[in-house]
Amino acid sequence: MDSNSRAPRHSLVSGSFQSKQEIAFGAGAYETTLTADNEGQFADLMRRVVESRRPGGNRYDALWRTQPERWLESLIVRDIAAFDSRLDPAFVYSQVPAFAASDRAMIDVLTCTRDGRLVILELKASEDLHLPLQGLDYWARVNWHHQRGEFKKFGYFAGRDLSPEPPLLLLVAPALQVHPATDTLLRFIAPKIDCTLIGVDENWRQGVRVIFRKSKAKAHHGLKE
């Protein structure tokens, strides 16, 4: 349901500046505001989504194929400690807004280690040259907010003492879908950024299983297993 339904959103009441909550469903040009008149249509879509968005679903079904990164994200968030035992399952946030000047971006997953160090997960479900560059952009945004104590200020990580160390960056993609240039790009990332490339099994819909981890050496000697 992650790809075709939405959390409540706000819109203006007709003829005034007051806002109201509403729920929209569907995708793209087919996105529709939920009303009493289309409840049946909404229920039908939810039944189709539940039937399609399962590991054994029809891979030719558009609902099965749509937004694979959000599907992968939901599986990792569901049991993040199984994905990486260092991560604290008590503090896991998906689609976290992060700002740079007037630009707003959404971090796939923000969490922390069990000893309070921030961790950013950037996910790709298919080959994408921009994976390390996008991850680096998000790292910079999160580090900027962290240095100013803004995550605690806005209600994230309540009751958790966060480490002053810079965040860890985890780049995640199916093992056979990692772009060939990724290793080369990672060698140009500053040594102070602790970055790890994680390849998961191609059949991740049936369960996320880590195939390899490549950590960038802080001494800038390239990547090491």
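Throughout, residues of each chain are indexed from 1 in the direction in which the sequence is written. Restriction of local features to residues with pLDDT of at least 70 applies here, the model being predicted, together with a cutoff of 80 or more for giving and counting side-chain atom pairs; totals for whole chains, interfaces and linings are based on all residues. Excluding hydrogens and water, the side-chain values take into account all heavy atoms of the structure.

(A) Expanded view of the packing of aromatic side chains. Here a Phe, Tyr or Trp ring, Trp counted by its six-membered ring, pairs with any other such ring whose centre lies within 6.5 Å, and the pair is stacked when the planes are under 30 degrees apart, edge-to-face when over 60, and tilted otherwise. A complete count under the given rule lists 7 aromatic pairs for this structure. Geometrically, the ring pair formed by Trp64 and Trp71 is edge-to-face, given 5.9 Å between the ring centres and 80° between the ring planes. Both residues of the pair, Trp64 and Trp71, count as buried. Ring geometry for Trp71 and Trp204: centres 6.1 Å apart, planes at 90°, overall edge-to-face. Residue Trp71 is found in helix H3 (residues 68-78), and its partner Trp204 is found in the loop between strand E9 (194-200) and strand E10 (210-216); the two are separated by 133 residues along the sequence. Neither residue differs from the other here; Trp71 and Trp204 are each classed as buried. Of the aromatic side chains, those joined through ring pairs into one cluster are Phe91, Tyr93, Phe151, Tyr156 and Phe157. Directly above the aromatic system of Trp64 lies the positively charged group of Arg205, at a separation of 3.9 Å from the ring centroid. Charge-over-ring placement is defined geometrically: NZ (Lys) or CZ (Arg) within 6 Å of the ring centre, and within 35 degrees of the ring normal. Geometry around Phe212 places Lys214 over its ring, the cationic atom sitting 5.6 Å from the centre. Burial classes follow relative accessibility: with a 1.4 Å probe on protein chains only, a residue under 20% of its type's maximum area counts as buried, one over 50% as exposed, and anything between as partly exposed. Starting at the N terminus, helices and strands are each numbered in turn, a helix being any DSSP run of H or I of at least four residues and a strand any DSSP run of E of at least two.

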